[in-house]
Amino acid sequence: GARKALGAAALYYLNPLSIYNSAYWGQVDAIHTAFVLLGIVFVSRSRWGLAGGAVALAMLQKFQSIAFVPLLLFDAYYHRRWRGVGVMLIGATVMAAWVLLPFAMSGSLDDVLYRAYVNVVGQYQSLTPSAYNVWQLTGTPLWNDSVVPQPVALAAAAGRLTFPADAAPLLWFSWRNISLVAYSLCVALILSIYSYRPRAVTRAGAAGLLGLAFFLIPTEMHERYAHPAIAFLALWAVTGAWKERAYYLLSVLLLLNLTAILRVDQIAMHIAASLVLLFVALLVWAAISNGLNDAGAVTEIPHAPPDEPMPPVSALVTWFRRGTYLSLVAACVGVVAVGYACKESHATLSRDDTVYVSGLRPVVSRQGWGELGRDRAVLGGPIRLGDTAYMRGLGTHAPSQLTYDIPEGIEAFNAIVGVDWAADEKGSVVASVELDGRKVFETGVLTRGDEPVSVGIPISGARRITLRGGPSADGVTADHLSWALARFE
């Protein structure tokens, strides 16, 4: 039906997994998925030649599309026997010849076929480069998949310390070959189950299972190779509530797998913004729907009991609502006031003629944890040494090295250095300053409970200054070092 079809399209199009893989990452898995899906549509309409052409386009774009060829060939034979298979193969051949003709005319066809198809298996010789599949369960996902598992080798040795490898047929069963055998059996099982009800919905479900099997069982899989499954299973998921819930869970798990390569923290702001917008939208919807007069609404549930009468609103509830609304208004006014005060403060600090190091770009910036805090501590917030907070300075974490070019006309470097208040009792650091590679200042071991140390170094004639933070003997835990008011004068 049209409504479920639209729902299936929404499940794919609005799926964070689809957006992450295609729009955000820029990968091309959605392209061959679209061609395979088109082939499945043609099969449902008994257009066998067009189905073959669509799948040929998919395979020409991505060899992984071969995972769905058995299903289409099975359908062609099931419904039209060998005639259907023949028409499908003719359609695929014509389409492939049309696309490959320019490569043949340019003399590059052999190279294309070898790189895109012949040399595909064995290109990434590990159990699973980045797919969280069955080979992750071995605990050694980066093992070479061309080697023989230890139990197979022991069986082939038959108690011998040495034996000729070429005389042991069992040594054919490498990790890779075992995976291909297991995958072939799984494909046969899926097609066998599908054969009981070869209909449009079950066809989409079978295609989704084949996509998952291709991702989960063979070796050398990557994190993106399950992408087609979410398109096919969307058609299957809208036919039942439990199917839809399973689809949500699958989408979340496959989305987490994508973060193996492209870390999710790179879109942390996008996720946070989406969650905030969704929350605000739900709040607005709840507020509007509760305020609308729905007395004339017609329920879709037959023989539904009448709504229970609402009790009168007490004075306390009324004042609670009013207090809530007034508090929201006061909060908005407070935010505006704080923003204005922040702007004025920043303008005042910017008028200072002192050259603060936090406003310069370091030549070298290395630290053991986190990111360099400019006018903030490494954990965020203002720099705090002892009972004093500082609005200018550098927040870092030992071991750290910060190297700056010294501006012209500078005669001295000044700062107040110590372990930031944000560190716990384990924080302990040794701070030092170097001029042109020569150490000119060093503190003893500083802890959070120690008084900060004032630094004043004449630097006339020097070209570069390096601020270092070194961990003490107890390691680097909580070694948050801050250079408050670090400046050139």
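Residues numbered from 1 in each chain as written. Predicted model: local features only at pLDDT ≥ 70, side-chain atom pairs only at ≥ 80, totals over all residues. Heavy atoms only, no water.

### Some remarks on the packing of helix H9 (residues 200-216) against helix H10 (residues 227-237)
The condition is simple: Comment: axis = line fitted to C-alpha atoms, over the contacting stretch for helices; angle = value between 0 and 180 degrees taken between N-to-C directions. Runs of E in the DSSP output that reach at least two residues are strands. Runs of H or I that reach at least four are helices, and both are numbered from the N terminus. In what follows, roughly perpendicular refers to angles from 65 to 115 degrees, roughly parallel to angles under 35, roughly antiparallel to angles over 145, and oblique to any angle outside these ranges. In a left-handed crossing the near helix is turned counterclockwise from the far helix by less than a right angle, and in a right-handed crossing that turn is clockwise. Whether two residues are in contact is decided by their heavy atoms: any pair within 4.5 Å suffices. Here the nonpolar group is Ala, Val, Leu, Ile, Met, Phe, Trp, Tyr, Cys and Pro; Asp, Glu, Lys and Arg are the charged ones; every other residue, Gly included, is treated as polar.
The contact between H9 and H10 brings their axes to 7 Å, and the two run at 150 degrees. Taken together, the axes of H9 and H10 are roughly antiparallel relative to one another. The handedness of the crossing between H9 and H10 is left-handed. Where H9 abuts H10, its residues Val201, Ala204, Gly205, Ala207, Gly208, Leu209, Gly211 and Leu212 lie against Ala229, Phe232, Leu233, Leu235 and Trp236. For the contact of H9 with H10, a count of residues per class yields ten nonpolar, three polar and no charged.

### Some details on the confidence of the model for the protein chain
Applicable threshold: A residue's pLDDT is the confidence the predictor assigns to it, expressed on a 0 to 100 scale.
Mean pLDDT over the protein chain works out to 84, with 88% of the residues at or above the 70 mark. By mean pLDDT, the top-scoring element of the protein chain is helix H4 (residues 48-61) (96), and the lowest-scoring one is helix H12 (residues 268-291) (66). In this model, residues 291-302 is a region of pLDDT below 50 whose contacts with residues beyond four sequence positions or in other chains number one contact.

### Quick look at the packing of aromatic side chains
For any pair of aromatic rings, the description rests on two quantities: the centre-to-centre distance and the angle between the ring planes. As a reminder, the rule being used: Only Phe, Tyr and Trp rings take part, Trp by its six-membered ring, and two of them pair if their centres are within 6.5 Å. Stacked means planes under 30 degrees apart, edge-to-face means over 60, and tilted covers everything else. Lysine and arginine charges are scored as sitting over a ring when NZ or CZ, respectively, is within 6 Å of the ring centre and within 35 degrees of the ring normal.
What the rule picks out here adds up to eleven aromatic pairs. Counting every residue linked through ring pairs, the aromatic cluster contains Phe74, Tyr78 and Tyr194. Positioned above the aromatic ring of Trp421, the side-chain terminus of Arg384 is 4.0 Å from the ring centre.

### Points about the pattern of salt bridges
What counts, and what does not: Whenever Lys or Arg places a side-chain nitrogen within 4 Å of a carboxyl oxygen from Asp or Glu, that contact is recorded as a salt bridge. Type-normalised accessible area, obtained with a 1.4 Å probe on protein chains alone, sets the label of each residue: buried when under 20%, exposed when over 50%, and partly exposed for intermediate values.
Summed over all chains, the structure comprises eleven salt bridges. Note that Asp145 and Arg176 form a salt bridge whose closest N and O atoms lie 3.1 Å from each other. Here Asp145 is found in the loop between helix H6 (109-118) and helix H7 (150-157), whereas its partner Arg176 is found in helix H8 (residues 175-194), with 31 residues between them in sequence. Of the two residues, Asp145 and Arg176, both sit in the buried class. What you see here is one network of salt bridges that share partners, running through Asp29, Glu223 and Arg224.

### Thoughts on the pairing of strand S9 (residues 428-435)
Selection criterion: For two strands to count as paired, DSSP must find a minimum of two bridges between them.
Burial within S9 is extensive, with eight of its eight residues counted as buried. Of the two faces of S9, both are covered, the one formed by Ser428, Val430, Ser432 and Glu434 as well as the one formed by Val429, Ala431, Val433 and Leu435. Pairing of S9 with strand S10 (residues 438-447) involves seven bridges; the strand directions are antiparallel. Bridge pairing in S10 places Ser432 opposite Glu442. Between S9 and S10, which pair antiparallel and follow one another directly, the connecting turn spans two residues, one of which, Asp436, has a positive phi of 50 degrees. In the sheet, S9 pairs with strand S12 (residues 464-471) via seven bridges, with the strands oriented antiparallel.

### Considering the sheet that holds strand S7 (residues 400-405)
The five strands lie next to each other as S2-S7-S12-S9-S10, forming an open sheet whose pairing is antiparallel. Looking at the sheet topology across the chains shown, the edges are occupied by strand S2 (364-367) and S10. For this sheet, the mean angle separating the axes of adjacent strands, direction not counted, is 15 degrees.

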